[in-house]
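Summary of structural features
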Amino acid sequence: MGPRSENVCLLNEEQNTELKYNQEFDTNDVPTRRTYLRTTTISGFLAIALILSLSLNVAFFLRLSSTIDRAQNLGSTKYANLKQDHSRPYVGYSEYSGSNFTRTDELWNAVDYNAGLVALPNDWTKSKGLPKSSMFPWDKEKSIWLLNGHHNLHCVKRIYLSLKEYRDGLPQSLPPQHIYHCLDSLRDQIICDADDTPRFTLSANEQGHFTGLHQERQCRDWNKLEAWAKENTACYRYGDPSWNDKSQYERVKFCPDDSPYLPIIREFFGKGDDWYPTHD
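Each chain carries its own residue numbering, running from 1 in the direction its sequence is written. Restriction of local features to residues with pLDDT of at least 70 applies here, the model being predicted, together with a cutoff of 80 or more for giving and counting side-chain atom pairs; totals for whole chains, interfaces and linings are based on all residues. The side-chain figures draw on all heavy atoms in the structure; neither hydrogens nor water molecules are used.

1. Structural notes on the pairing of strand β2 (residues 117-121)
In terms of burial, β2 is a largely internal element, four of the five residues being buried. As judged from the five bridges shared by β2 and strand β3 (residues 142-146), these two strands associate in the antiparallel manner. Bridge pairing in β3 links P121 to K142. When a residue's accessible area, from a 1.4 Å probe over protein chains only, is under 20% of the maximum for its type it is buried; when over 50% it is exposed; and in between it is partly exposed. Runs of E in the DSSP output that reach at least two residues are strands. Runs of H or I that reach at least four are helices, and both are numbered from the N terminus. In this analysis, strands are considered paired if DSSP registers two or more bridges between them.

2. A few points about the packing of aromatic side chains
Working definition: a ring pair exists when centres of Phe, Tyr or Trp rings (six-membered ring for Trp) sit within 6.5 Å. Plane angles under 30 degrees give stacked, over 60 give edge-to-face, the rest tilted. Overall, the coordinates contain 14 aromatic pairs when judged by the stated rule. Between the aromatic rings of Y113 and Y238, the centroid separation amounts to 4.9 Å while the plane-to-plane angle is 75°, which identifies the pairing as edge-to-face. In this pair, Y113 sits in the loop between α2 (101-109) and β2 while Y238 sits in the loop between α6 (222-231) and α7 (248-251), placing the two residues 125 residues apart along the sequence. Across this residue pair, the class does not change: Y113 and Y238 are buried. By the ring-pair criterion, three or more aromatic residues cluster together here, those being W138, Y249, F268, F269 and W275. In this scheme, the term charge over a ring applies when either NZ of a lysine or CZ of an arginine sits within 6 Å of the ring centre and within 35 degrees of the ring normal. Positioned over the ring face of Y90 is R217, at 4.2 Å from the centre of the ring.

3. A look at the state of the cysteines
A covalent bond between the sulfur atoms of two cysteines is referred to as a disulfide. Disulfide: a pair of cysteine sulfur atoms within 2.5 Å of each other. Counted by the stated rule, this structure contains two disulfides. With a sulfur-sulfur separation of 2.4 Å, C155 is cross-linked through a disulfide to C182. With the S-S dihedral at roughly -70°, the linkage between C155 and C182 falls on the left-handed side. Here C182 lies in helix α5 (residues 176-193) and C155 lies in helix α4 (residues 148-167), a separation of 27 residues in the sequence. Assigned by exposure class, C155 and C182 land together as buried. Each sulfur in the disulfide pair C235 and C255 lies 1.9 Å from the other. An S-S torsion of about 95° defines the bridge between C235 and C255 as right-handed.

4. Re the confidence of the model for the chain
For every residue, the predictor reports its confidence as pLDDT, a number between 0 and 100. Taken over all residues, the pLDDT of the chain has a mean of 80, while the share at 70 or more is 71%. Within the chain, no element has a lower average pLDDT than helix α1 (residues 13-74), which sits at 45, and none a higher one than β2, at 98. Contacts for the low-pLDDT stretch residues 1-39, under 50 throughout, to residues beyond four places or in other chains number three contacts. Predicted confidence for residues 56-73 stays below pLDDT 50, and this span has two contacts to residues more than four positions away or in other chains. In what follows, residue pairs with any heavy atoms lying within 4.5 Å of each other are defined as contacts.

5. Let's talk about the layout of surface pockets
Grid points spaced at 1 Å over the protein atoms alone were grouped into cavities, where a 1.4 Å probe fits but cannot get out, and pockets, open sets with protein on both sides within 12 Å along at least five of seven lines, with lining residues defined by an atom within 4 Å of a point. Grid points are joined across faces, edges and corners, and a volume is the space filled by probe spheres set on the points. When its volume is computed, the second largest pocket comes out at roughly 340 Å³. Taken together, 17 residues make up the lining of the second largest pocket; nearest its centre are N109, Y113, K157, R158 and G239. The element best represented in the lining of the second largest pocket is α4, accounting for five residues. Each residue gets one label: Ala, Val, Leu, Ile, Met, Phe, Trp, Tyr, Cys and Pro are nonpolar, Asp, Glu, Lys and Arg are charged, and the others, such as Gly, are polar. Residue classes in the lining of the second largest pocket are distributed as eight nonpolar, four polar and five charged.

6. A word on unusual backbone geometry
Even without a glycine there, the phi angle at A194 is positive, about 45°. For A194, the location among the structural elements is in the loop between α5 and β4 (216-219). The class of A194 is exposed, set by a relative accessible area of 55%. Positive phi, normally seen in glycine, also occurs at H214, with a value near 70°.

Structure follows, in structure tokens:
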């Protein structure tokens, strides 16, 4: 019996080269698929991150819009029921800060904050959580209050008066402590308001140093506050420095000509029926 033949597959050079090529291809094919899978995975993560980022930004925008709308819709003040429904632009200078001092003095002298002293019913102020205040002499069911906006206006006018006297070389009519009080009150009000309105800025190649110039912002209507104050007037007048010795009764007698308190005031001061305090 002859020797047993073995089934041996001999490859020629061409076949061997092809096998090596295929082996190399197969060897490199594994990391190529891994790279593809890794790239696909990273792309997937990036897509998810992008979608998540967009979703968060949309949610933030909707929340911000909702907050602004809610603030505008529910932002009525607690006392005079005022809303931020009055548009007013930021300004750099106005007639109140112009270089025509004659005109600026006229405007500042005309600033009237007497209406800020109001007489409000005691039951109403108690329901609003306000503390007790001084009695309105012509109606024991009411008390006298000073509206904060008018107090601030009083302070701004006093500061202007001090600057005017300094500008004109005149002696100061108010002690420095009064001016410091006004500055501190305005500072404290700014902190209290915490106004978060963004004011636009200018780029480096734009001239000017004002931010938000002519930019519109939402305000309450001062005229509506004035109207509400006059409806609840305490008939008060600050007067000028010569009034320092006047009693508070003398200051709260200036009720309108059609006021129901006129008969009481006339009787208190011993005046006739033809006397009107606003004509004094």
